[in-house]
Amino acid sequence: MLELLWLLLPVAALSGWWIGQRSPQTGRNYASPSRSFPDAYYQGLSYLLNEERDKALEAFTRMAEVDGETAEVHLALGSLFRNRGEVDRAIRIHQSLIARPSLSRRERSQALLALGEDHLKAGVLDRAENLFTELLADREYATPALGHLLTIYEHEKEWSKAIETARRLQRQGDGRQYRDRIGQLRCELAAEARSRGDTGQARQLLRLALEEDPGCVRANILRGDLERELGRYKAALKAYEAVAEQDPGFLPEVLEGLEASYQALGRPGQMETFLRQVIARSPEGALIVRLVGLIEQRRGPREALDELTLLLRRAPSLEGLRRLVDLTRTLEEPIGTRELQLFYELLDGLEAERPRYRCQRCGFAGRILFWQCPGCKAWATLRPIGEVETA
Ligand SMILES: [Zn+2]
């Protein structure tokens with residue numbers, strides 16, 4: 001983005017200068033040496049090409065000061081100053097631009113948007129909010145203004161306003177990318193309602209979140225926690241079990257709630273059944289460890305170890321291996337050949353997946369030593385990775 005702005009600056013400067021030269025209503029005094037513009041221009045350009053950006057910026061700024069009519073140059077300069085962190089300077093440029101009576105409607109909207117972005121960057125959110133709100137009247141600039149307003153409302157935790165803004169964006173665009181976001185925003189409102197003690201409202205909001213985004217895992221986690229807190233364990237189970245349908249990867253987040261709810265209903269056996277069903281579809285280490293814990297509680301460590309050995313063969317994992325060592329120690333048995341075999345298979349599997357070389361420049365990693373990095377094309381930047389990699 002920044003690179004593009006730098007390229008845009010000379011283009012804007014030249015087109016502004018050119019319009020200034022051609023336009024009769026600017027009242028330009030043609031007697032004044034117009035050659036001074038190209039001089040400053042070429043000077044600025046050569047600074048840019050030599051990567052002397054500070055000097056280039058000064059040259060183009062001088063050019064803009066002399067040639068007052070070029071809104072494009074001021075806009076480009078303002079954006080550059082903002083991106084360099086000189087927000088005060090950007091604000092001054094954009095403010096003086098807006099104050100001009102000769103500005104076209106489009107230029108005025110561009111300047112308003114830029115000034116709003118300056119204030120956003122400076123963290124003066126109320127001022128930025130006012131500027132973006134003013135822009136909503138201009139159909140062409142309403143979408144970027146709404147995007148910024150959404151960021152502001154989210155930052156200020158004004159969830160209702162954020163939802164309303166996201167809705168407007170949804171109506172203007174394809175509408176797809178805002179469903180997840182609105183779902184999350186409704187969850188935020190629900191969490192607030194819950195901490196106020198308004199459980200009815202919280203439940204209603206979570207229902208709306210799921211209506212908005214049926215894949216919203218967070219809504220079901222919150223729903224489960226809420227119902228469990230109220231002692232409505234069947235409703236809690238329904239919500240937690242729905243997480244498994246949405247995304248089994250998130251199931252470890254609700255295992256505690258699930259187990260407590262089954263326990264409270266006096267059906268600990270169902271937890272085991274449920275876990276077995278999920279593991280059959282997605283054999284995650286965390287789920288296997290939880291299942292084995294249940295088996296140990298209910299039928300003892302021997303059976304737990306047998307089951308774990310079978311499951312680990314199907315889906316090896318470090319946490320599963322860790323549990324295997326624990327169980328062997330509980331049984332006060334030496335580690336058997338069967339378990340040792342499993343260890344070897346697991347370590348081999350992990351070793352086979354481990355990258356052996358990593359580029360120090362771009363992070364490319366692989367199992368073959370390239371002297372020229374396939375990622376960034378630099379020479380001799382790949383180094384062997386030590387046995388234990390911490391990063
Ligand atoms: Zn590289």
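Residues numbered from 1 in each chain as written. Predicted model: local features only at pLDDT ≥ 70, side-chain atom pairs only at ≥ 80, totals over all residues. Heavy atoms only, no water.

Chemist: What should I look at first to understand the packing of aromatic side chains in this one?
Modeler: Here the distance between the centres and the angle between the planes together describe a pair of aromatic rings. One pass over the structure, following the stated rule, counts 1 aromatic pair. Taking 6.4 Å as the distance between ring centres and 65° as the angle between the ring planes, the aromatic pair formed by Phe364 and Phe370 counts as edge-to-face. Phe370 sits in the partly exposed class, given a relative accessible area of 35%. (Phe/Tyr/Trp six-rings, centres within 6.5 Å; stacked < 30°, edge-to-face > 60°. Buried < 20%, exposed > 50% of the residue type's maximum accessible area, 1.4 Å probe, protein only.)

Chemist: Hey, could you run me through the UniProt feature "binding site: Fe cation" (unreviewed entry) in the protein in this one?
Modeler: When the UniProt feature table is mapped to this numbering, "binding site: Fe cation" (unreviewed entry) covers Cys359, Cys362, Cys373 and Cys376. What stands out for the annotated residues spanning 18 residues is how close their C-alpha atoms remain, the widest pair being 8.7 Å apart. Inspection of the secondary structure puts Cys362 in the loop between strand E1 (357-359) and strand E2 (365-366). Residue classification places Cys362 among the partly exposed positions, given a relative accessible area of 40%. Apart from the residues lying within four places of it in its own chain, the contact partners of Cys362 are Cys373, Gly375 and Cys376. Mapped onto the secondary structure, Cys376 falls in the loop between E2 and strand E3 (382-384). Excluding residues that lie within four positions of it along the chain, Cys376 makes contacts with Cys359, Arg361 and Cys362. (UniProt positions renumbered as here; feature names shortened; annotations may be inferred. Helix = DSSP H or I, 4+ residues; strand = E, 2+ residues; numbered from the N terminus. Contact = heavy atoms within 4.5 Å.)

Chemist: Sorry, what's going on with unusual backbone geometry here?
Modeler: Among all residues save glycine, negative phi is the norm, and among peptide bonds the norm is trans. Phi is positive for Lys157, close to 55°, though the residue is something other than glycine. Looking at where Lys157 falls in the secondary structure, it is placed in the loop between helix H8 (139-155) and helix H9 (159-172). Given a relative accessible area of 56%, Lys157 falls into the exposed group. The backbone of Lys377 sits at a positive phi, close to 65°, despite the residue not being glycine. For Lys377, the position within the fold is in the loop between E2 and E3. When its relative accessible area of 52% is taken as the criterion, Lys377 is described as exposed.

Chemist: I keep staring at the coordination of the zinc ion and nothing clicks. Help me out?
Modeler: When four donors bind a metal tetrahedrally, each ideal donor-metal-donor angle is 109.5 degrees, and when six bind octahedrally, the ideal angles are 90 or 180 degrees. On the protein side, the zinc ion has Cys359 (SG), Cys362 (SG), Cys373 (SG) and Cys376 (SG) as donor atoms, found 2.3 to 2.4 Å from it. One way to put it: the 4 donor atoms around the zinc ion meet at angles of 105 to 113°, and that makes the site tetrahedral. Expressed as a motif, the donor residue spacing for the zinc ion is C-x2-C-x10-C-x2-C. Of the residues examined, Cys376 reaches a relative accessible area of 23% and is grouped as partly exposed. (Donors = N, O, S within 2.8 Å, 3.2 Å for Na, K, Ca; no water. Tetrahedral: all angles 85-135°; square planar, octahedral: opposite > 155°, others 65-115°.)

Chemist: How should the sheet that holds E1 be read in this particular structure?
Modeler: Backbone-to-backbone hydrogen bonds pair the strands of a sheet. The strands run either parallel or antiparallel. Read across the open sheet, the 3 strands follow the order E2-E1-E3; overall the sheet is antiparallel. The open sheet is flanked by E2 and E3, the only strands paired with a single partner. (Pairing = 2+ DSSP bridges.)

Chemist: Got a minute to help me understand the environment of Ala202 in this structure?
Modeler: Residue placement: Ala202 occurs in helix H11 (residues 199-212). Judged by relative accessible area, Ala202 falls into the buried class, the value being 1%. With 16 residues separating them in the primary sequence, Ala202 and Arg186 have C-alpha atoms 9.3 Å apart. Residues in contact with Ala202, not counting those within four places in the same chain, are Ala190, Ala193, Arg194 and Leu226.

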